[in-house]
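# Structural overview
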Amino acid sequence: LLSTDLAEEFSAAYVRKIVEAVQDENFLVIYHNCGNSTISTIDTIVMTLVATLAAYVIGLPVGVLLTTSAPNGIRPNRTLHSVLGAIVNIVRSVPFIILLVMLLNVTLAVTGRMTGTMTISFPLTVSAFPSVARMVEGSLLEVDGGVIEAAKAMGSSTWQIVKKVLVPEAMPSLINGFSICMTTILGYTTMASVAAGGGLGATAVTYGLSYRQYDIMYAASIMLVVLVQVITVTGTFLSRKHDHRIR
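In this report, the structure presented in the accompanying data block is examined. (Residues numbered from 1 in each chain as written. Predicted model: local features only at pLDDT ≥ 70, side-chain atom pairs only at ≥ 80, totals over all residues. Heavy atoms only, no water.)

## Some remarks on the overall build of the protein chain
Scanning the protein chain from terminus to terminus reveals eleven helices and zero strands. Each helix (α) and strand (β) of the protein chain, taken in turn from the N terminus, gives the series α-α-α-α-α-α-α-α-α-α-α. For the protein chain, with 247 residues in total, the buried portion stands at 40%. For the protein chain, restricting intrachain contacts to residue pairs at least 6 apart in sequence, the fraction spanning at least 24 positions comes to 74%. (Helix = DSSP H or I, 4+ residues; strand = E, 2+ residues; numbered from the N terminus. Buried < 20%, exposed > 50% of the residue type's maximum accessible area, 1.4 Å probe, protein only. Contact = heavy atoms within 4.5 Å.)

Pasting the structure below:
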């Protein structure tokens, strides 16, 4: 349970953000002149990039371990596979909005605060890394078993197989998975307003839902759609570029 002081800090920060926004009489002009919209867009991009990279720092090795420690993996370890699988499944089953509230105290301990745009990156990372792990595991499992057996026959170590066989062969799928995870995290950033964060999602929710300023809501939503398209198109292009089967 949150302490009284932490709860008051959380509520006060959220209220202050709304009050400041309401008092800004020139907000619409600033927004359409790419002032506040630029800040919101930058906040969204930064949150998404930081959380995605951090999630991959954790999720990539977890996904590799899930693949290699599987019963039919290159280095079976039933205990490790079961423990990692249980952790991943448990965290994945908690909706982000609930996980965000559950991690408020932990976020405060890690980042020194529990509200704000950048602070959201921590719960975003915790929520996303299990999906990254499963995405990586699925990509590595697509690698042809004959290639792995050939590497074993040549005396390759587990690390060499992972580095020189699994990852390079699964690169197109890994890139596609990266873009999918990134768009998922981008969607999660729309809940930043719950923790007094910024970004396009918070702008759309605060001004569109709370104050019925639908032009701002639509503008922020269109920008989110544009960001998703950029991520998807870039991911598809890079995936095809690294797919040796297309050459």
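## With respect to a nonpolar patch on the surface
A cluster of nonpolar side chains, namely Tyr214, Tyr218, Ile222, Met223, Val226 and Val230, defines an oily patch on the protein surface of about 570 Å² accessible area. Considering the arrangement of structural elements, one finds Tyr218 in helix H11 (residues 214–241). (Patch = residues over 30% accessible without salt bridge, like charges linked within 9 Å, V, L, I, M, F, W, Y side chains within 5 Å. Areas by Shrake-Rupley, 256 points an atom, 1.4 Å probe, with all protein chains shown as cover. Salt bridge = Lys/Arg side-chain N within 4 Å of Asp/Glu carboxyl O.)

## Comments concerning the pattern of salt bridges
On inspection of all chains with the given rule, the structure shows two salt bridges. Residues Glu149 and Lys152 are paired through a salt bridge, measuring 3.9 Å at the closest nitrogen-oxygen approach. Highlighted residues: Glu149 and Lys152, both in helix H8 (residues 145–153), separated by three residues, approximately one helical turn. For Lys152, a relative accessible area of 34% translates into the label partly exposed.

## Section: the nonpolar core
Core analysis: the biggest nonpolar cluster contains 26 residues, and Leu124, Val136, Ile148, Ile161 and Leu166 have the highest contact counts within it. If you list the elements that add at least two residues to this core, you get helix H3 (36–68), helix H5 (96–102), helix H7 (121–141), H8 and helix H9 (158–188). Per-element tally for this core: the top contributor is H9, with eight residues. Apart from the residues lying within four places of it in its own chain, the contact partners of Leu166 are Ile74, Leu140, Val143, Ile148 and Ile161. In this structure, Leu200, Ala220, Leu227 and Ile231 belong to the second largest nonpolar core, which totals eight residues. (Core = buried A, V, L, I, M, F, W, Y, C linked by side-chain atoms within 4.5 Å.)

## Regarding the packing of aromatic side chains
Taken as a whole, this structure holds three aromatic pairs when the rule is applied. Ring geometry for Tyr56 versus Phe178: centroids 4.9 Å apart, planes at 50°, classification tilted. Residue Tyr56 is found in helix H3, and its partner Phe178 is found in helix H9; the two are separated by 122 residues along the sequence. With centroids separated by 5.0 Å and ring planes inclined at 10°, the aromatic side chains of Phe96 and Tyr188 adopt a geometry described as stacked. In this pair, Phe96 sits in helix H5 while Tyr188 sits in helix H9, placing the two residues 92 residues apart along the sequence. Overall, Phe96 belongs to the buried group, its relative accessible area being 4%. (Phe/Tyr/Trp six-rings, centres within 6.5 Å; stacked < 30°, edge-to-face > 60°.)

## Digging into the environment of Leu66
Assignment of secondary structure puts Leu66 in helix H3. Spatially, the C-alpha atoms of Leu66 and Ala133 are 8.0 Å apart, while their sequence positions differ by 67 residues. Residues contacting Leu66, with those up to four places away along its chain left out, are His81, Leu84, Gly85, Val88, Ala133, Arg134 and Glu137.

## A few points about the environment of Pro95
Counting through the fold element by element, Pro95 comes out in the loop between helix H4 (78–92) and H5. Classification of Pro95 as partly exposed rests on a relative accessible area of 44%. Residues Pro95 and Ser127, spaced 32 residues apart in sequence, show a C-alpha to C-alpha distance of 8.2 Å.

## Description of H9
Relative to the 45 Å expected for 31 residues at 1.5 Å per residue, H9 spans just 36 Å between its end C-alpha atoms, considerably shorter than the ideal helical length. At Met171, H9 shows its largest kink, close to 65°, and the proline Pro172 lies no more than four residues downstream. (Expected span 1.5 Å × (residues − 1). Bend = angle between axes of the 7 residues up to and from the residue.)

## Looking at the packing of H4 against H7
Running from amino to carboxyl end, H4 crosses H7 at an angle of 130°, the nearest separation of the two axes being 8 Å. Here H7 runs oblique to H4, going by the angle between their axes. The handedness of the crossing between H4 and H7 is left-handed. Touching His81, Gly85, Val88, Asn89, Val91 and Arg92 of H4 are Val126, Pro130, Ser131, Ala133, Arg134 and Glu137, all from H7. Of the residues assigned to the contact of H4 with H7, the class counts are five nonpolar, four polar and three charged. (Axes fitted to C-alpha atoms, helices over the stretch in contact; angles between N-to-C directions. Parallel < 35°, antiparallel > 145°, perpendicular 65-115°, else oblique. Left-handed = near helix turned anticlockwise from the far one by under 90°. Nonpolar A, V, L, I, M, F, W, Y, C, P; charged D, E, K, R; others polar.)

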